[in-house]
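# Residue-level structural notes
Next come the chains, spelled out residue by residue.
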Amino acid sequence: ARRRAGFFRSREPADVGGTYEAYQYRQQLAVFGALGIPYSLCTSDLRRANYSSLRGSIVEYRRKLEQFQHNIFVFQMCAPIWRRWLDTAVLSEALPIGPTEYLLRQSEYQRAKWIPQRNDWVDPLKDRQAEKLAVDSGFKSRSDVIEAEGFDPEQNDLRIKADNERAEKLDLAFPTVYAS
């Protein structure tokens, strides 16, 4: 009977104690690091993070996502679907373009600008000021800023013009304050 009792006692699991949380944290860091996803985004655990580390990891993660969007989704999925759809629409005469004209200017017709949805800013005031400074300094165009926010610059300008005309027609005046 003693022999059996000793046998069962040695097969009991070891007590994990206070080290399991540290072990789990290291395992999650390794998994999310391999996936290229910030630990704080996956777990919402912000205990070991500060503003700068969070901002840096989010900016880097968004860069990776943008590369994935442009290099995978746009070029390998969206563009081929767009070209096939356009070819089919022209051949079925759903568009007012003759097949001969389309073939002569196919690359022009198939050209498309892919504008993904915008990412929310981590610190909107600082990020907006940085974008304004880049535009004012000539390092970036207004169109680049507008496209980064997920909008079409031409449509945006038309909407601003319409808003200004409507405000003038209604005799509306809005104060403009620029912080330097």
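### Considering the overall build of the protein
- Of the regular secondary structure elements, the protein holds nine helices and zero strands.
- When its helices and strands are written in sequence order, the protein yields α-α-α-α-α-α-α-α-α.
- Across the 180 residues of the protein, 14% fall into the buried class.
- Entry remark: accessible area of the protein is about 15000 Å², with carbon and sulfur atoms responsible for 55%.

### Considerations on the pattern of salt bridges
- Applying the stated rule across the entire model yields 15 salt bridges.
- Linking R128 and E149 is a salt bridge whose minimum nitrogen-to-oxygen distance equals 2.7 Å. With R128 in helix 7 (residues 124–136) and E149 in the loop between helix 8 (142–148) and helix 9 (153–169), this pair connects stretches of sequence that are 21 residues apart.
- Relative accessible area serves as the criterion here: at 41%, R128 is assigned to the partly exposed category.
- For D136, the salt bridge goes to K132, with nearest N and O atoms at 2.5 Å.

### Section: the packing of aromatic side chains
- Applying the stated criterion across every chain yields a total of six aromatic pairs.
- The interplanar angle of 20 degrees and the centroid separation of 5.5 Å between the aromatic rings of W82 and W85 together place this pair among those described as stacked. Of this pair, W82 and W85 both sit in helix 4 (residues 51–91), separated by three residues, roughly a single helical turn.
- On the accessibility criterion, W82 (26% relative accessible area) is partly exposed.
- Taken together, Y25, F32 and Y39 form an aromatic cluster joined through their ring pairs.

### Observations regarding a nonpolar patch on the surface
- Together, F68, I72, F73, M77 and I81 line one region of the surface with nonpolar side chains, adding up to about 450 Å² of accessible area.
- Take I72: it is sitting in helix 4.

### Some remarks on helix 2 (residues 20–35)
- When the terminal C-alpha atoms of helix 2 are compared, their 23 Å separation across 16 residues agrees well with the 22 Å that a helix rising 1.5 Å per residue should span.
- Residue G36 follows helix 2 closely and has a positive phi angle near 80 degrees.

### Focus: the environment of L46
- Mapped onto the fold, L46 is located in the loop between helix 3 (39–43) and helix 4.
- The residues contacting L46, other than those within four sequence positions of it, are S40 and L54.

### What about the side chain of E131?
- Position of E131 among the secondary structure elements: in helix 7.
- What E131 contacts, discounting residues up to four positions off in sequence, is W121, K140 and V145.

### Section: the confidence of the model for the protein
- Residues at a pLDDT of 70 or more form 89% of the protein, whose mean pLDDT is 86.
- Looking across the protein, the model is least confident in helix 1 (residues 2–10), with a mean pLDDT of 56, and most confident in helix 9, with 94.

### Concerning unusual backbone geometry
- The phi dihedral of S44 falls on the positive side, at around 60 degrees, and the residue is not glycine.
- If you trace the backbone, S44 turns up in the loop between helix 3 and helix 4.
- Judged by its relative accessible area of 60%, S44 is exposed.
- Of note in this structure, E93 is not a glycine but carries a positive phi near 60 degrees.
- By the secondary structure assignment, E93 is in the loop between helix 4 and helix 5 (99–104).

What counts, and where the lines are drawn
- Residues numbered from 1 in each chain as written.
- Predicted model: local features only at pLDDT ≥ 70, side-chain atom pairs only at ≥ 80, totals over all residues.
- Heavy atoms only, no water.
- Helix = DSSP H or I, 4+ residues; strand = E, 2+ residues; numbered from the N terminus.
- Buried < 20%, exposed > 50% of the residue type's maximum accessible area, 1.4 Å probe, protein only.
- Areas by Shrake-Rupley, 256 points an atom, 1.4 Å probe, with all protein chains shown as cover.
- Salt bridge = Lys/Arg side-chain N within 4 Å of Asp/Glu carboxyl O.
- Phe/Tyr/Trp six-rings, centres within 6.5 Å; stacked < 30°, edge-to-face > 60°.
- Patch = residues over 30% accessible without salt bridge, like charges linked within 9 Å, V, L, I, M, F, W, Y side chains within 5 Å.
- Expected span 1.5 Å × (residues − 1).
- Contact = heavy atoms within 4.5 Å.
- pLDDT = per-residue confidence, 0-100.

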